[in-house]
Amino acid sequence: MKYIKSILASLVVACSLTSCDPSDFGDINVNPNYPTEGYTYMQFKFAAKYVRYFAMMSNGFDPWNVLWTGYLAESVNNQYSAMNTTTEFATGSYYYYPIKTLNEIIEANQNEETKGTPAVLSFGSNENQIGACVTLRSFFYMSLSDIIGPIVYTDAIKGASDDNWTPKYDSQKDVYEGLDKELNAAYAMMNDASSLSKDDYLFDGDIKKWKKFNASLRMMLAIKLADVDPAAGKARFAKAYADGGMTKAADSFQYTFDTSAAAFMYSTSVNNGAANYVPNKVLVDLLKEYKDPRLFTYATIGDDAIKGKRPGQPNDFDAYFGTAFGLETNDAVVVAASKACSAATRYQDPTATYGLITAARTLLVEAEAALLGWIDADASALYEAGIRESFNYEASMDSKNAYFNAEMADDYIKAHPLPADKAQAMHEVVIQRFLAGFMTDAIETWSDWRRHNIPTLPMYKGQTDNGTMHYHYRMMFGANDINGNEDNVKAITQSDLGGNDSCDQRVWWDVKDNECPIGVYDWE
């Protein structure tokens, strides 16, 4: 029992630094005895590193968020195709490291004894530090909740000093409401007449970009309420839209790796001497169907391909092939991958930049809101702007590509105008979010698939070992999160998940009865 309690203590102490009233930063767990000695800019750099895990969930082990979304597939064996190796998600490290650290920064900027010290103010004004940290923390909370559903949230302020070894879980509805309040308060607090120091390597200290990111996060939260609470979703979205989200590729929330923690595709390809993952057939086939030149910046068949040069010209759509995720045998995986294109080498550089939430996604989410009648805006104009900023973003990441440039967006938009029919228009908006999202935050893409079932993800024979005929709708609670807190996990499972802590259970906002019309496919 003592061992279990010590494990839980680590989690609870990590959880203990979040806010009680999400809209009131004046009461965030201020401890008058807390001696903040560290420089907050150094703490921030540490916490910010954790955003990279939402671009590709792990290093060499089962990057499920890009496998389950139609972006990548296995190329060496069918180790993860059955989708039964990763079915639970432990949140403890996120609470213990980035969330805890962000709260330490917030506390240092509120504590009367520390907030005026050089160790704190060298990073920027107290208000801007608090606003940025609350915004970044909200990104972590949103991502964790979209993966699992209910999470520890309001009860997380109670730590070991309160003898709270068993924090309660909050429903996803309450988490979403709390995050919207937190983000609105953080937005109002930030002053873009000043900046953070250059140690903010997410937005280079630019508070205008932090505010755009903040508003974009609120839109990501609000749009997911379209089917479960459209009135609240509309009101929250309209406020965030009026505040102004990301509109240009340069505004995008992204992460640049360094040699101390190399980019994930480097670790799974170059560093291993072989490409463990290659582009998925779903993505490649859609890019080919749309004659989408982003294929030539996402993938390669040339001499720089990890598996060796493929036949054909690098700007010939017919020369590119993806492989399926879910083939039945290792031999089938290897044969299919031998014909497939490789992910572009820019993703395999150890210091690569991966997008997280881009301006393209924000604009295309705004296009969905316009189609829903939530904002007074031209859905077609937002749709076109989203495509254009996706092309701009990819061009900025791959400026020397002879077969792709941002100006190609003009002809592409002419070939793919937004349909007049509302249902068809919604389909195309979500498809364009999928096409713009390769190697960016696939949790948002997974959320799109869960709400819209777009794109269609076929099931292959190798994926049926888990006894289900669909991709997972959520992750289960991690065993380490359950240890010592089983009663609260059971309570929230009953109240928020219909008593079903499984990957088949849908999260709160995923209410459509829209099972994918798919069967078991054979590979050609």
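One can find the structure itself at the top, above this paragraph.
What counts as what
Starting from 1, residues in each chain are numbered consecutively following that chain's sequence as written. The predicted nature of this model means local features are confined to residues of pLDDT at least 70 and side-chain atom pairs, given and counted, to a pLDDT of 80 or more, with totals for whole chains, interfaces and linings taken over all residues. The side-chain values count all of the structure's non-hydrogen atoms but skip hydrogen atoms and water molecules. Any Lys or Arg side-chain nitrogen located within 4 Å of an Asp or Glu carboxyl oxygen qualifies as a salt bridge. Going along the chain from the N terminus, every DSSP run of H or I of four or more residues is numbered as a helix, and every run of E of two or more is numbered as a strand. With a 1.4 Å probe rolled over the protein chains alone, any residue whose accessible area is under 20% of its type maximum counts as buried; one over 50% counts as exposed, and the rest are partly exposed. A cavity here means a set of 1 Å grid points, computed over protein atoms only, where a 1.4 Å probe fits but cannot escape. A pocket is an open set with protein on both sides within 12 Å along at least 5 of 7 lines, and lining residues have an atom within 4 Å of a point. Grid points are joined across faces, edges and corners, and a volume is the space filled by probe spheres set on the points. Only Asp, Glu, Lys and Arg are considered charged in this grouping, and only Ala, Val, Leu, Ile, Met, Phe, Trp, Tyr, Cys and Pro are considered nonpolar; every other residue, Gly among them, is considered polar. Contact between two residues is taken to exist if any of their heavy atoms lie within 4.5 Å; hydrogens are not considered. The directions from the helix axis to the C-beta atoms are what the arc is built from. Contacts described as polar in this section are N or O atom pairs within 3.5 Å, which, within protein, must combine one atom able to donate a hydrogen with one able to accept it, while residues neighboring in sequence count only if both atoms come from side chains. To define axes, lines are fitted to C-alpha atoms, for helices over the stretch in contact only, and angles between the resulting N-to-C directions are given on a 0 to 180 degree scale. Any angle from 65 to 115 degrees is called roughly perpendicular, while one under 35 is roughly parallel, one over 145 is roughly antiparallel, and all others are oblique. Nonpolar cores were defined as sets of buried Ala, Val, Leu, Ile, Met, Phe, Trp, Tyr and Cys residues, with membership established by side-chain atoms within 4.5 Å. A patch consists of residues exposed above 30% relative accessible area that lack any salt bridge, with like charges linked at up to 9 Å and nonpolar side chains (Val, Leu, Ile, Met, Phe, Trp, Tyr) linked at up to 5 Å. Exposure was quantified through the Shrake-Rupley algorithm and a 1.4 Å probe, taking into account, for residues, occlusion by the shown protein chains and nothing else.

Draft legend 1. Summary view of the pattern of salt bridges. Applying the stated criterion across every chain yields a total of 25 salt bridges. A salt bridge links D146 to K224, with the shortest nitrogen-to-oxygen separation between them at 2.6 Å. Taken as a pair, D146 in helix α6 (residues 126-148) and K224 in the loop between α8 (207-223) and α9 (230-243) lie far apart in primary sequence, 78 residues in all. Side by side, D146 and K224 carry an identical accessibility label, which is buried.

Draft legend 2. Spatial organisation of the layout of surface pockets. Here the largest pocket is characterised by a volume of approximately 330 Å³. F296, T300, D304, N401 and Y403 are, among the 19 residues lining the largest pocket, the residues nearest its centre. Of all the secondary structure elements, the ones that give two or more residues to the lining of the largest pocket are α12 (295-298) and β7 (299-300). Here the lining of the largest pocket is composed, by residue class, of eight nonpolar, seven polar and four charged.

Draft legend 3. Structural view of the environment of A305. Residue placement: A305 occurs in the loop between β7 and α13 (330-338). C-alpha separation for the pair A305 and T345, spaced 40 residues apart in sequence, amounts to 7.2 Å. Discounting chain neighbours no more than four positions away, the residues touching A305 are T300 and S342.

Draft legend 4. Expanded view of helix α2 (residues 40-48). Listed as buried for α2 are T40, Q43, F44, A47 and A48. Taken end-on, α2 shows its buried residues confined to a sector of 130°, consistent with a single buried face. If you follow the buried residues of α2, they end up packed against α4 (92-110), α5 (118-121), α6, α8 and β5 (253-256).

Draft legend 5. Layout of the environment of D200. Looking at where D200 falls in the secondary structure, it is placed in the loop between α7 (172-189) and α8. Apart from residues lying up to four places away in sequence, D200 is in contact with F44, F123, G205, D206 and W210. A distance of 3.1 Å separates a polar atom in the side chain of D200 from the backbone nitrogen of L202. Separated by 3.2 Å, the side chain of D200 and the backbone nitrogen of F203 make a polar contact.

Draft legend 6. Molecular detail of the packing of helix α14 (residues 359-372) against helix α17 (residues 422-436). Packing of α14 against α17 brings their axes to within 9 Å, and their N-to-C directions diverge by 170°. Considering the angle they form, α14 stands roughly antiparallel to α17. Across from A360, R361, L364, V365, A367, E368, L371 and L372 in α14, the residues of α17 making contact are K422, A425, M426, V429, Q432, R433 and A436. By residue class, the composition of the contact of α14 with α17 is ten nonpolar, one polar and four charged.

Draft legend 7. Region of interest: unusual backbone geometry. In the segment running from I454 into P455, the intervening peptide bond is cis, with an omega of -5°. In this fold, P455 is placed in the loop between α18 (442-452) and β10 (459-460). Residue D204 is not a glycine yet carries a positive backbone phi of 55°. Along the chain, the position of D204 falls in the loop between α7 and α8.

Draft legend 8. Inspection of the nonpolar core at higher detail. Counting 143 residues, the largest nonpolar core has F44, L136, F139, F140, L202, W210 and F253 as its most contacted members. For L136, the contacting residues outside a window of four places in its chain are F44, A48, V51, L102, L202, W210 and F253.

Draft legend 9. Molecular detail of a nonpolar patch on the surface. Residues F46, Y96 and Y97 make up a contiguous nonpolar surface patch of roughly 250 Å² in combined accessible area. By secondary structure assignment, the location of Y97 is in helix α4. Looking at Y97, the relative accessible area reads 33%, which means it is partly exposed.

Worth remembering: the numbers are spatial, not functional.
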